[in-house]
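# Structure assessment
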Amino acid sequence: MSLNSPTLLNEENSQGLQRNTDCLEGLELQAPSSFQDNPLQQLQLASQEVLEKAKKSGRSKCPRCSSSRMFYCYTCFVPVETVPTKEIPTVKLPLKIDIIKHPNETDGKSTAVHAKLLAPDDVTIYKYPFIPEYEERRHEIALVFPGPNSVSVKDIAFHLQKYTKKDGYDNDSDCSREPFLKQAKIEPKEEEKNLSECTSTNRSEGTTLKKIIFIDSTWNQTNKIITDERLQGLLQVELKTRKTCFWRHQKGKPDTYLSTIEAIYYFLVDYHQEILKENYKGQYDNLLFFFSFMYTLIKNAKCCAGKE
């Protein structure tokens, strides 16, 4: 399992792209490291005509705070006046999502707002340190964050069923014991067999997972959040390795470090296939509605500047 950082915003890059106002209308964005292909072109997205019109008309007022914004207000989590809410797709998610945002993150650079705009009923954004207490519900919550104890999406059901509301573990069944790796007397082959059998049973019964947590922060800022006592004891999940399309790639970090909205999207795709056991037919593609449009804007801006 690759120790990538799928939940972190990739905001730190000292190499900026010269702003092209004809293409971006004042957006402070940096160029991606490579635009040879467009991996987002296969997405099944709602019409982005409303964003095209808003781009041509330029910045507009937020209907709540009256701030001048492009496309949406990143503090009020609503589209601007030139982007009618009815023309923005709404995505229904199979789980509730909590996003814990680092206080030093610049609101205008965060992709977390995309999730709140497109799945308003299922997404909540908290600014650290103001976060909920999760201890009493850890039997139904997981945290997407890489690490030595992180598990894959397909094994979430097996690991979550060990927890109970009362004492954190259910000792009534063989499948509910302490993690196998902590039981030194169990042989590796027997361990693999038990894990396979228990996981298969849990998948057929579904999973108790009801909420997933993401951290919205640069890699260098995550330690304060991930070590918070309120997040201790939560099951940690790591995503499959995928390459980011984010234009604010962290300097010196691999291209497997995803933006927050990418991490949310890819987790849900994996969850749909690995846990719900259903064919994925683009149900969550519109989570990348804004992201894909901005990706194309920046690609075009680079072309206009003669840098591609």
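- By the naming in an unreviewed UniProt entry, the chain goes by tRNA-uridine aminocarboxypropyltransferase 1 and is assigned to Mesitornis unicolor.
- Note on the chain: under the UniProt heading Subcellular location (unreviewed entry), the record states "Nucleus".
- UniProt annotates the chain under Catalytic activity (unreviewed entry) with the comment "a uridine in tRNA + S-adenosyl-L-methionine = a 3-[(3S)-3-amino-3-carboxypropyl]uridine in tRNA + S-methyl-5'-thioadenosine + H(+)".

### Topic: the packing of aromatic side chains
- Using the criterion set out here, one finds seven aromatic pairs in the structure.
- An angle of 25° between the planes, with centres 6.0 Å apart, marks the rings of Phe 267 and Tyr 271 as stacked. Placement of both Phe 267 and Tyr 271 in helix H7 (residues 260-274) is noted, with a separation of four residues, approximately one turn of the helix. In this pair, the class of Phe 267 matches that of Tyr 271, namely buried.
- Geometrically, the ring pair formed by Phe 289 and Phe 290 is edge-to-face, given 5.3 Å between the ring centres and 80° between the ring planes.
- Owing to a relative accessible area of 1%, Phe 290 belongs among the buried residues under this scheme.
- An aromatic cluster is present here, built from Tyr 72, Phe 289 and Phe 290 joined pairwise through their rings.
- For Arg 69, the ring lying beneath its charged end belongs to Tyr 74, and the centroid distance is 4.0 Å.

### Regarding the nonpolar core
- In this structure, Phe 71, Leu 93, Ile 97, Phe 267, Leu 287 and Phe 290 are the most contacted members of the largest nonpolar core, which totals 60 residues.
- Per-element tally for this core: the top contributor is H7, with nine residues.
- Three or more residues apiece are contributed to this core by two domains, here domain 1 (45-88) and domain 2 (92-162 + 207-247 + 256-307).
- Beyond its immediate stretch of four places on either side in the chain, Phe 290 contacts Leu 51, Phe 71, Tyr 72, Ile 88, His 114, Leu 117 and Leu 118.

### Some points on the sheet that holds strand S5 (residues 96-101)
- Read from one edge to the other, the open sheet built from five strands follows the order S6-S5-S8-S7-S9, with strand pairing classed as parallel. The open sheet is flanked by strand S6 (123-127) and strand S9 (235-237), the only strands paired with a single partner. Shown here is a sheet whose adjacent strand axes are inclined to one another by a mean of 30°, direction ignored.
- One ladder, built from six bridges, connects S5 with strand S8 (residues 211-216); its direction is parallel. Following the sheet pairing, Ile 99 is matched in S8 by Phe 214.
- Across the sheet, H7 lies against S5, strand S7 (141-144), S8 and S9, angled at about 155° from S8, the strand it touches most.

### Considerations on the pattern of salt bridges
- All chains considered together, the criterion is met by 13 salt bridges.
- A salt bridge links Arg 230 to Asp 228, with the shortest nitrogen-to-oxygen separation between them at 2.9 Å.
- In this structure Arg 230 comes out as buried when scored by relative accessible area, which is 18%.
- For Asp 228, a relative accessible area of 9% translates into the label buried.
- Among the charged side chains, a salt-bridge network with shared partners connects Lys 92, Lys 96 and Asp 122.

### Focus on the pairing of S5
- The buried fraction of S5 amounts to five of the six residues, a majority that puts the element mostly inside the structure.
- For S5 and S6, the ladder comprises five bridges, and the chain directions are parallel. Residue Ile 99 lies in a different strand from S6, and its bridge partner there is Ile 125.
- Regarding topology, helix H3 (residues 112-118) serves as the crossover connection from S5 to the parallel S6, and that connection is right-handed.

How each quantity is defined
- Residues numbered from 1 in each chain as written.
- Predicted model: local features only at pLDDT ≥ 70, side-chain atom pairs only at ≥ 80, totals over all residues.
- Heavy atoms only, no water.
- UniProt positions renumbered as here; feature names shortened; annotations may be inferred.
- Phe/Tyr/Trp six-rings, centres within 6.5 Å; stacked < 30°, edge-to-face > 60°.
- Helix = DSSP H or I, 4+ residues; strand = E, 2+ residues; numbered from the N terminus.
- Buried < 20%, exposed > 50% of the residue type's maximum accessible area, 1.4 Å probe, protein only.
- Lys NZ or Arg CZ within 6 Å of the ring centre and 35° of its normal.
- Core = buried A, V, L, I, M, F, W, Y, C linked by side-chain atoms within 4.5 Å.
- Domains from an automatic or database assignment.
- Contact = heavy atoms within 4.5 Å.
- Pairing = 2+ DSSP bridges.
- Axes fitted to C-alpha atoms, helices over the stretch in contact; angles between N-to-C directions.
- Salt bridge = Lys/Arg side-chain N within 4 Å of Asp/Glu carboxyl O.
- Right-handed = clockwise from strand over helix to strand, strands pointing away.

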